[in-house]
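What the coordinates show
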Amino acid sequence: MSKNYLLIYSEQLATEIELLCQNIKAPSNTLFQIRKSSSSIYANIREANYGQSKADMLSEFEIALKESSETEGWLQLLFNTNNIDEESYKKHRNLCG
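We now turn to the structure provided with this report. (Residues numbered from 1 in each chain as written. Predicted model: local features only at pLDDT ≥ 70, side-chain atom pairs only at ≥ 80, totals over all residues. Heavy atoms only, no water.)

1. Quick look at unusual backbone geometry
For asparagine 82, which is not glycine, the phi dihedral falls at a positive 60 degrees. Looking at the secondary structure, you find asparagine 82 in the loop between helix H3 (54–80) and helix H4 (86–96). Taking the relative accessible area as the measure of exposure, asparagine 82 reaches 68% and is therefore exposed. (Helix = DSSP H or I, 4+ residues; strand = E, 2+ residues; numbered from the N terminus. Buried < 20%, exposed > 50% of the residue type's maximum accessible area, 1.4 Å probe, protein only.)

Written as C-alpha cells, this is what we have:
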C-alpha cells in the first residue's frame, strides 16, 4: 500500500500548529483561527479518501486547498506581528504548500 503523503503532511501541519499555538503569546482569535484552518486541512483530506463520488472527493480536496491558503495567511500575520520567528514561519508555511 502506498503512502498518502497529503494525509501525512496535513496531520503533521495540524499537530505542529497546535503545538505552536500552545507555546506562543498571540491574540486568542488568531490562535483559534489558525488552529481551525490547519485542522480543517487534515479533516478534509481524511474525508476525501472516503468520498461518495469523484465530485465529493474533489470538493473535499478543494476545501482543504482553501484552508491551506487561510492557514498560510494566519502564519503570515503571526510572523508580521512578531509572534513567530522567520524560521518557524517558513517551516510551517512549507507544509501548507
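2. Topic: the pattern of salt bridges
A full pass over the atoms with the stated rule returns three salt bridges. With a closest N to O distance of 3.6 Å, glutamate 16 and lysine 91 form a salt bridge. Residue glutamate 16 is located in helix H1 (residues 5–22), and its partner lysine 91 is located in helix H4; the two are separated by 75 residues in the primary sequence. The shortest N-O distance in the salt bridge between arginine 35 and glutamate 18 comes to 2.8 Å. You can see arginine 35 sitting in helix H2 (residues 28–48) and its partner glutamate 18 sitting in helix H1, a full 17 residues away along the chain. (Salt bridge = Lys/Arg side-chain N within 4 Å of Asp/Glu carboxyl O.)

3. Looking at the side chain of threonine 30
Examined against the element boundaries, threonine 30 turns out to sit in helix H2. Ignoring any residue separated from it by four or fewer positions in sequence, one finds threonine 30 in contact with Trp74, Leu77 and Leu78. (Contact = heavy atoms within 4.5 Å.)

4. Topic: the nonpolar core
If you look at the biggest cluster of nonpolar residues, it comprises 19 residues, and the most contacted ones within it are Ile17, Ile24, Ile34, Leu75 and Ile84. For this core, the elements supplying multiple residues, two or more each, are H1, H2, H3 and H4. If you tally residues by element for this core, the top one is H1, at five residues. Apart from the residues within four sequence positions on either side, isoleucine 17 is in contact with Ile34, Arg35, Ser38, Leu75 and His92. (Core = buried A, V, L, I, M, F, W, Y, C linked by side-chain atoms within 4.5 Å.)

5. Re H1
The first and last C-alpha atoms of H1 sit 26 Å apart over 18 residues, in line with the 26 Å expected at 1.5 Å per residue. For H1, every residue scored as buried is listed here: Leu7, Ser10, Leu13, Ala14, Glu16, Ile17, Leu20 and Cys21. N-capping of H1 is provided by asparagine 4, with a side-chain oxygen placed 3.3 Å from the backbone N of leucine 6. (Expected span 1.5 Å × (residues − 1). Polar contact = N/O pair within 3.5 Å; in protein donor to acceptor, adjacent residues only side chain to side chain.)

6. Looking at H3
Between its first and last C-alpha atoms H3 spans 39 Å; for 27 residues at 1.5 Å apiece the expected length is 39 Å, and the two agree. Of all the positions in H3, only Glu60, Ala64, Glu67, Ser68, Thr71, Trp74, Leu75 and Leu78 are classed as buried. The elements touched by buried residues of H3 are H1, H2 and H4. Of the residues flanking the end of H3, it is asparagine 82, one or two places downstream, whose phi is positive at about 60 degrees.

7. Points about the environment of asparagine 83
The topology assignment puts asparagine 83 in the loop between H3 and H4. Not counting residues up to four positions away in its chain, the partners in contact with asparagine 83 are Ile24, Lys25, Ala26, Pro27 and Leu78. For asparagine 83, the side chain forms a polar contact with the side chain of threonine 81, separated by 2.6 Å.

Spatial relationships are all this shows, so hold off on functional conclusions.
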